Every structure is written in C-alpha cells, then in structure tokens.
Amino acid sequence: MINLPILRQNDRVILRDIIQGKRESAKTNLLSVQDNIINDYLEYYKNRRSLERITADTSITADTAKILNDAYKSGKVIDSVKAKITEIMPSAIKEKCPYCMLSEPGTFDHYVGKGNFPEYSILSKNLVPCCSKCNSKKGEKFLSESGKRIFISFYFDKLPKKSFLEVVLDIEGAVPYIKDIHTSSNTGTHVDEIIKSHFTELELYERYMNPMSNKLSLLISRIEGTKQSRDDIVEVITNEIIALEKIYGSSYWECSLYRAVVSNEDILQYLENISFS
C-alpha cells in the first residue's frame, strides 16, 4: 500500500466550470451556494488529516445535493478530472486498487460519502480510484459509531515506511500454510488504529487468504527440484521482495508473504529439502 499523489488542480475552478455548464435552473441553484461550497472545500483541506472533524453543510438542500451528485456522474468537466486523477496515479495504482491492492480500480470512491456530504461530490481530493468490491464494502462509511475514522486516506494519512502487514506461516502434514494474517503498526499516531479498522472493515484478512495461498503454492512449485541451497533461496526471495516494494510499497500483501517465508526457519528448511528432492 502506498500514498497517492494529489491532483494539483484548483477545485474552485472545477466547481465554477461545472456550474457554468449547467442549465439555468441548476446553475441558479448552485450559484446560490457556491461560496458555501468553496468554504467547505477550505474546511476539508484544513482538516485533511483529521476529516472526522468536518460537519455536513446544512445549506445544501435535497435539490442541490441531487444536482451535485448528478454532476459527479457525468459531464465534460468531471470526466476530465477523473481522467487526470487516473493519469497521475503511480503504475501500481493504475493496476491495483489502493484500498486492497488486489483488484484493478475501475471506479472512484468518495472518501467522505457523497450521500451525507454532497458538497464534496466533485471535490478532486475526495475522489479515490478503487475497485468496485472495496467501493461497495466501504459505501458511505468513513467514521465509526464513536466518530473515529475507519479507513485509510491515501492522499493525506502518512503511511508507515515499515510494513504494517504481517503473515504467520506454519507447516501441517508436511505442507506449509498461512496460519494468520494481521496488522501491526506502531507509529504512535491515530493512523495505527485506522490501519487496523481499514483491514477489518474491508475484510482484507479474509480476501488475502486465497491469493496468498496461491502465491505460496506457486513459490513451492518453482523451487521444487531446482537444487538451490537455503542461502540461494533466501537471496532469490529477498530480491523479489525488494523489487515488489519499489512498486507496491512495503505493506503490499505479497511482500509480507515473502518476508514471512524468509524469516521462518522451518519453511526455509522445507524449501531446501524439496529443492533437492
């Protein structure tokens, strides 16, 4: 998982251009709250690392909310914004959803839900490329019942450089398997709890189990019969970790799996044995 670059485009200009492209009744409606929405944008950015502090704009009526949400769905201006957000994303995020790093991002999540906060429907800093599964699981939620944020903000939350995803391997019946997957972030900041809830809410532990098991099986099949020493095996896997980290970050699930392999003496002994079988 990695932090995402922010689109360096003036959201006030985006709002203005969308308003100008509306028909007269919708234009009049949006013009009446334009200044309020701009103030909302300033409030969002001011609280970008603590978005739980923002409150819904009570000046946004149901009619205005519908116009803003419709403006997000289609239109030259917003389509251009979405295209530019996608364009500036790292190659890793063009390939994998930042929320899960499993599926290709084919849609956009509103980090702060557009249902409860329609004023942020077309705010570029609120639009996160993601896959449909994560978008569906997250939905409108971004706060817990106690008012704490429960999802990582990949634009504004500073992710730890050290991996926060840990995998535990074991051997049963002479076959290695994934015993446990969990997060372990110790930055001493609020991000630690957000990471934990992010994985729980999106069911990432469960969703990682099959792809990790498949990768482990593939690794075993690639090593079997190759006559590599333990040191050779560790070197090959470590080089793979380094290469993956450069693209997907240290907490990418595949990196965490391979780190678990090279740190487990029983697994390494098993791999060396099958290498010479």
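First things first, this report covers the structure right here in the doc.

Criteria and thresholds
- Residues numbered from 1 in each chain as written.
- Predicted model: local features only at pLDDT ≥ 70, side-chain atom pairs only at ≥ 80, totals over all residues.
- Heavy atoms only, no water.
- Axes fitted to C-alpha atoms, helices over the stretch in contact; angles between N-to-C directions.
- Helix = DSSP H or I, 4+ residues; strand = E, 2+ residues; numbered from the N terminus.
- Parallel < 35°, antiparallel > 145°, perpendicular 65-115°, else oblique.
- Left-handed = near helix turned anticlockwise from the far one by under 90°.
- Contact = heavy atoms within 4.5 Å.
- Nonpolar A, V, L, I, M, F, W, Y, C, P; charged D, E, K, R; others polar.
- Expected span 1.5 Å × (residues − 1).
- Buried < 20%, exposed > 50% of the residue type's maximum accessible area, 1.4 Å probe, protein only.
- Salt bridge = Lys/Arg side-chain N within 4 Å of Asp/Glu carboxyl O.

Regarding the packing of helix 8 (residues 204-223) against helix 10 (residues 253-262)
Phase 1 of the analysis: Contact geometry of helix 8 with helix 10 gives a least axis separation of 10 Å together with a crossing angle of 50°. Here helix 8 is positioned oblique relative to helix 10, judged by the angle of their axes. Crossing hand, helix 8 versus helix 10: right-handed. From helix 8, Tyr-208, Pro-211, Met-212, Lys-215, Leu-216 and Leu-219 reach across to helix 10, where they touch Trp-253, Glu-254, Leu-257, Tyr-258 and Val-261.
Phase 2 of the analysis: Here the residues of the contact of helix 8 with helix 10 are counted per class, giving nine nonpolar, no polar and two charged.

Points about helix 3 (residues 62-73)
Phase 1 of the analysis: The end-to-end C-alpha distance of helix 3, which contains 12 residues, comes to 17 Å, matching closely the 16 Å that a straight helix rising 1.5 Å per residue would cover.
Phase 2 of the analysis: Of all the positions in helix 3, only Thr-64, Ala-65, Ile-67, Leu-68, Asn-69, Ala-71 and Tyr-72 are classed as buried.
Phase 3 of the analysis: Where helix 3 is buried, its residues meet helix 1 (11-20), helix 2 (24-46), helix 4 (76-88), strand 1 (107-110) and strand 2 (127-130).
Phase 4 of the analysis: Note on helix 3: the residue one or two positions beyond its end, Gly-75, has a positive phi of about 140°.

Some points on the pattern of salt bridges
Phase 1 of the analysis: Scanning all chains against the criterion turns up 17 salt bridges.
Phase 2 of the analysis: With a closest N to O distance of 3.8 Å, Lys-179 and Asp-170 form a salt bridge.
Phase 3 of the analysis: Put simply, Glu-254 and Lys-215 hold a salt bridge, and the shortest N to O gap is 3.7 Å. With Glu-254 in helix 10 and Lys-215 in helix 8, this residue pair connects regions lying 39 residues apart in the sequence.
Phase 4 of the analysis: Lys-215 gets classed as partly exposed once you look at its relative accessible area, which sits at 27%.
Phase 5 of the analysis: Overlapping salt bridges, with partners in common, bring together Glu-52, Arg-149 and Asp-157 in one network.

Function cannot be read off these values alone, since they describe shape.
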